[in-house]
Amino acid sequence: MTALRLGTRRSRLALTQSGTVADALRALGHEVETVEIVTEGDRSTAALDQIGGTGVFASALRTALREKQIDFAVHSLKDLPTAAESGLTIAAVPVREDVRDVLVARDGLTLGELPRGARVGTGSPRREAQLHALGLGLDVVPVRGNVETRLRLVESGAVDAVVLARAGLLRLGLSDAATEVLDPIQILPAAGQGALAVECRADDADLRSLLLALEDADTRACVRAERAVLRELEAGCIAPVGVLAEVVEGFDAAELSIRAFVGARDGSLELRRSLTGDLGDPEGAGIRLARLLIDDGADVVREVRPAPSHRPSESPSTAQTDTPETLQ
Ligand SMILES: NCc1[nH]cc(CCC(=O)O)c1CC(=O)O
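In this text, all values refer to a predicted model and were calculated from it rather than measured experimentally. (Residues numbered from 1 in each chain as written. Predicted model: local features only at pLDDT ≥ 70, side-chain atom pairs only at ≥ 80, totals over all residues.)

## Things to note about the overall build of the chain
Summing up its helical and strand segments, the chain has nine helices and 13 strands in all. Split into buried and exposed, the 328 residues of the chain put 45% on the buried side. Sequence separation of at least 24 residues holds for 70% of the intrachain contacts in the chain that already meet a minimum separation of 6. (Helix = DSSP H or I, 4+ residues; strand = E, 2+ residues; numbered from the N terminus. Buried ≥ 20, exposed ≤ 12 C-beta atoms within 10 Å, placed from the backbone. Contact = placed C-beta atoms within 7 Å.)

Here it is as structure tokens:
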């Protein structure tokens with residue numbers, strides 16, 4: 001049997017994540033070979049919104065998939081755009097790692113202990129908006145680079161703190177660097193945070209059924225709901241939107257509980273909504289939540305440029321941005 005070729009970005013986080021997936025497949029008796037692919041998101045130090053925003057990390061892997069240089073790819077789900085990729089499919093969503101953000105601050109400080117005016121580094125509009133919304137008088141400064149680079153900014157004193165995904169730190173064995181785990185009530189994570197997407201060509205039926213062994217149904221339902229919120233808001237994965245879906249026990253069946261935040265980067269807008277929905281219809285629950293937020297004024301986060309003031313479902317001119325999701 002020829003080895004399955006697994007495409008991965010070459011950052012230490014990406015290599016660790018794809019290594020975990022490769023090991024799980026090997027444990028099932030499959031032969032896996034990893035192929036490193038350089039993406040523009042790795043090459044460039046420009047702010048994410050200047051190098052094409054959504055999807056910069058995924059596009060080189062997807063090209064390699066289409067050109068059959070690799071058989072499947074592992075992505076951080078939160079870095080994947082919500083639009084479907086024709087010819088490709090998310091064959092598996094493995095069980096999710098911790099969804100929360102953490103603070104890594106100098107001198108072991110927590111958010112509440114940082115003085116007003118403390119410099120908190122993040123390149124994420126979602127984190128920036130929610131940090132400002134906390135009303136602690138923090139000075140949010142833009143930073144970029146991989147997890148290790150951002151940790152060094154705290155060590156060197158360039159910033160007082162950074163906010164990172166706990167999942168990334170855990171996967172790198174660096175979770176001790178965190179000085180506080182941020183409760184979702186303070187900072188809601190990005191859609192898909194902590195989850196991986198295992199993607200392959202849609203017509204590769206044998207590989208698809210093999211990869212299904214990695215699937216976690218609850219994680220899939222949660223990320224489907226979270227991404228439906230983003231898609232209905234037309235927000236893109238770098239918008240100031242936090243959203244978290246969780247499977248909870250309802251009266252007679254498990255349900256989806258979803259909470260979302262939509263804000264402005266400077267903290268001048270802060271919208272929050274939550275609801276519970278049917279676990280069997282994650283998109284429906286996500287869309288309902290997004291519509292509540294839109295009624296509250298969340299259309300300010302729309303990514304589409306010629307923005308009419310009504311909803312996409314009523315606007316044929318934006319219909320092409322509404323390609324349905326591959327995550328079903
Ligand atoms: N945006 C970059 C990115 N993509 C995935 C992770 C961490 C792992 C995850 O959230 O799944 C990170 C780093 C971070 O946000 O701190």
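Right, picking up where we left off after that structure.
## Some words on the site of the ligand
The full set of residues close to the ligand is S76, K78, D79, V147, L164, A165, A167, G168, Q193 and G194. Of all elements in the fold, only β8 (161-165) and α6 (166-172) reach the threshold of two or more residues within the shell around the ligand. Classifying every residue of the shell around the ligand gives four nonpolar, four polar and two charged. Counting contributing residues, the shell around the ligand receives three or more from each of domain 1 (4-94 + 195-215) and domain 2 (101-181). (Near = placed C-beta within 6 Å. Nonpolar A, V, L, I, M, F, W, Y, C, P; charged D, E, K, R; others polar. Domains from an automatic or database assignment.)

## Some points on the environment of G137
Along the chain, the position of G137 falls in the loop between α4 (125-133) and β7 (139-141). Exposure remark for G137: the 11 C-beta atoms within 10 Å place this residue in the exposed category. Taking the C-alpha atoms as reference points, G137 and L77, 60 residues apart in sequence, are found 32 Å from one another.

## Points about the sheet that holds β8
Strand order in the open sheet made by the five strands is β7-β6-β8-β5-β9, with mixed pairing throughout. Only two strands of the sheet have a single neighbouring strand rather than two, namely β7 and β9 (180-181). Sheet topology places strand β6 (residues 119-121) next to β8; two bridges connect them, and they run parallel. Note on β8: the bridge partner recorded for G121 is V162. Contacts from α4 reach β5 (101-105), β6, β7 and β8 within the one sheet, and its direction differs from that of β7 by about 175°. Contacts from helix α5 (residues 147-155) reach β5, β6 and β8 within the one sheet, and its direction differs from that of β8 by about 155°. (Pairing = 2+ DSSP bridges. Axes fitted to C-alpha atoms, helices over the stretch in contact; angles between N-to-C directions.)

## Regarding the environment of A202
Relative to the helices and strands, A202 resides in the loop between β10 (196-201) and α7 (205-211). For the pair A202 and G87, spaced 115 residues apart in sequence, the C-alpha separation works out to 5.3 Å. Once you skip the residues sitting within four places of it in the chain, A202 turns out to touch G87, L88 and T89.

## Focus on the sheet that holds strand β12 (residues 254-263)
One open sheet holds the three strands; their spatial order is β11-β12-β13, and the pairing between them is antiparallel. In this open sheet, the two edge strands, each paired with only one partner strand, are β11 (241-249) and β13 (270-278). Taking the axes of each pair of neighbouring strands and ignoring which way they run, one obtains an average angle of 15° across the sheet. Bridge count for β12 against β13 is nine bridges, and the pairing is antiparallel. Looking at β13, one finds that S257 is bridged to T276. On top of the sheet, α4 reaches β11, β12 and β13; it is set at about 80° to β12, its chief contact. The strands touched by helix α8 (residues 217-233) are β11 and β12; relative to β11, the strand with the most contacts, the crossing angle is about 145°.

## Some details on the packing of α8 against helix α9 (residues 282-296)
Look at α8 against α9: their axes get within 7 Å of each other, and the N-to-C directions meet at 35°. α8 and α9 meet at a crossing whose hand is right-handed. Where α8 abuts α9, its residues A221, R224, A225, E226, A228, V229, E232 and L233 lie against P282, E283, A285, G286, I287, L289, A290, R291, L293 and I294. Here the contact of α8 with α9 is built from residues that sort into 12 nonpolar, one polar and five charged. (Left-handed = near helix turned anticlockwise from the far one by under 90°.)

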